[in-house]
Amino acid sequence: MDSSLHNHTSPQDVWYVLIGIPGLEDLHPWISIPICSMYIVAVVGNIFLIFLIVTERSLHEPMYVFLSMLALADILLSTATAPKMLAIFWFHSTDISFGSCVAQMFFIHFIFVAESAILLAMAFDCYVAICYPLRYTTVLTSSVIGKIGIAALVRSFFICCPFIFLVYRLLYCGKNIIPHSYCEHMGIARLACDNINVNIIYGLTVALLSTGMDIVFIIMSYTMILHTVFQIPSWAARLKALNTCGSHICVILLFYTPAFFSFFAHRFGGITIPRHIHILVANLYVVVPPTLNPIIYGVKTKQIQDRVVLLFSSMNTCC
């Protein structure tokens with residue numbers, strides 16, 4: 001038996017070192033500029049979007065309620081990661097306790113799974129709006145929307161809670177350097193001097209059965225949407241119907257593309273994909289979608305544009 005197993009330390013005694021982006025340490029101050037800028041835009045933009053939806057009665061529709069949920073999830077995801085990233089880049093504040101690292105890991109995965117469920121709910125909203133427009137208000141009632149939101153949180157909690165127990169059960173033997181800017185499940189597990197097959201299998205299973213199934217259902221929804229749209233005789237009506245869900249498609253691509261690149265690169269691309277590329281994409285992933293989501297919906301949604309124009313016009317009048 002490996003003697004290192006006899007020298008393991010209690011998880012509560014472990015302090016980790018987050019080194020940021022390995023290989024690009026000299027560029028950390030420069031990398032921090034766009035990340036900080038995007039984080040500020042993400043927080044301000046999403047808070048403003050939530051404010052518009054809450055205060056404007058014309059935006060109290062299922063589509064915008066789901067959008068406000070997405071905006072809140074974006075604020076939480078970027079806030080769970082960006083401040084520590086910036087502390088590493090600016091102040092070399094690399095130390096983090098095991099408990100804090102696990103807490104950050106849990107919230108990142110929890111918010112990711114919840115946001116995936118919200119995107120699925122938004123796809124369902126588009127499906128009902130286009131395929132069954134006359135039943136839209138009876139299907140997506142306030143009660144149904146509330147139950148969908150609660151279900152997304154409950155599902156995410158029960159999926160992500162085992163991650164905590166899976167990392168606490170492992171034996172740690174002194175390796176404490178995480179080549180990343182924030183803590184995530186496999187980054188912690190790979191530092192253990194123990195068998196992590198259960199961690200790997202559970203991580204893959206969660207990805208396939210939660211976010212993977214969400215993607216399958218989203219694709220099914222848009223397949224049925226396209227089938228309905230192309231049965232409409234008028235091209236103008238087709239374009240109008242497609243534009244209804246155009247912003248949602250952009251948000252889906254922004255959310256899932258870098259997430260799955262990071263997921264598969266971490267598990268299968270260790271040799272072919274340089275580590276600094278993988279970590280850089282993972283860093284951008286937690287700030288780019290939250291930054292662009294309110295901009296995309298602001299540009300492509302006329303109701304939001306009209307409300308923004310009206311709000312700033314009234315502010316100019318008051319001044």
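Quick caveat: nothing in here was measured; it's all calculated off a predicted structure. (Residues numbered from 1 in each chain as written. Predicted model: local features only at pLDDT ≥ 70, side-chain atom pairs only at ≥ 80, totals over all residues. Heavy atoms only, no water.)

Peer 1: What should I look at first to understand the sheet that holds strand β1 (residues 15–18) in this one?
Peer 2: Strands pair in a sheet through their backbones, by hydrogen bonds, and they do so in one of two ways: parallel or antiparallel. Taken in spatial order, the three strands of this open sheet run β2-β1-β3, and their pairing is mixed. The sheet is open, and its two edges are formed by β2 (95–97) and β3 (177–178), each paired on a single side. Direction of pairing for β1 relative to β2: antiparallel, over a ladder of three bridges. Counted as the bridge partner of Trp15 is Ser97 from β2. In the packing of helix α3 (residues 98–131) onto the sheet, the strands contacted are β1, β2 and β3, and the crossing angle to β2 comes to about 85°. (Pairing = 2+ DSSP bridges. Helix = DSSP H or I, 4+ residues; strand = E, 2+ residues; numbered from the N terminus. Contact = heavy atoms within 4.5 Å. Axes fitted to C-alpha atoms, helices over the stretch in contact; angles between N-to-C directions.)

Peer 1: What am I meant to see in the packing of helix α2 (residues 62–91) against α3 here?
Peer 2: Each pair of packed helices can be described by the angle between their axes along with the distance between the axes. As a packed pair, α2 and α3 sit with axes 9 Å apart at the nearest point and diverge in direction by 160°. Between α2 and α3, the angle falls in the class roughly antiparallel. For α2 against α3, the interelement crossing comes out left-handed. Class assignment of the residues belonging to the contact of α2 with α3 gives a composition of 16 nonpolar, two polar and four charged. (Parallel < 35°, antiparallel > 145°, perpendicular 65-115°, else oblique. Left-handed = near helix turned anticlockwise from the far one by under 90°. Nonpolar A, V, L, I, M, F, W, Y, C, P; charged D, E, K, R; others polar.)

Peer 1: Would you take a moment to explain the side chain of His185 for this structure?
Peer 2: By the secondary structure assignment, His185 is in helix α6 (residues 185–189). Relative accessible area serves as the criterion here: at 1%, His185 is assigned to the buried category. Residues contacting His185, with those up to four places away along its chain left out, are Met105, His109, Phe163, Leu166, Val167 and Asn199. (Buried < 20%, exposed > 50% of the residue type's maximum accessible area, 1.4 Å probe, protein only.)

Peer 1: Even after reading the chapter, I still don't get the confidence of the model for the protein, so can you show me in this structure?
Peer 2: Low-confidence regions, as indicated by low pLDDT, have predicted coordinates that should not be scrutinised in detail. Across the protein, pLDDT averages 88, with 93% of residues at or above 70. The weakest mean pLDDT in the protein belongs to helix α11 (residues 302–318) at 74; the strongest belongs to helix α5 (residues 142–168) at 96. Every residue in residues 1–5 is under pLDDT 50, and counting partners more than four places away or in other chains gives five contacts. (pLDDT = per-residue confidence, 0-100.)

Peer 1: What should I look at first to understand unusual backbone geometry in this one?
Peer 2: Most of the time, phi is negative for any residue but glycine, and the peptide bond is trans. The phi dihedral of His92 falls on the positive side, at around 55°, and the residue is not glycine. As for its placement among the helices and strands, His92 is situated in the loop between α2 and β2.

Peer 1: Would you take a moment to explain the nonpolar core for this structure?
Peer 2: Generally speaking, nonpolar side chains in soluble globular proteins are found buried as a group. Judged by nonpolar contacts, the single largest core of 90 residues is most densely connected at Tyr16, Leu67, Tyr172 and Ile188. For this core, the leading source of residues is α3, giving 20 residues. (Core = buried A, V, L, I, M, F, W, Y, C linked by side-chain atoms within 4.5 Å.)

Peer 1: It is not clear to me how helix α9 (residues 275–285) should be interpreted in this structure. Could you clarify?
Peer 2: Count 3.6 residues to each turn of an α-helix, and residues three or four apart come out pointing the same way. Taken as a whole, α9 has its buried residues at His278, Ile279, Ala282, Asn283 and Tyr285. Relative to the axis of α9, the buried residues are bounded by an arc of 160° and lie together on one face. (Arc of directions from axis to C-beta.)

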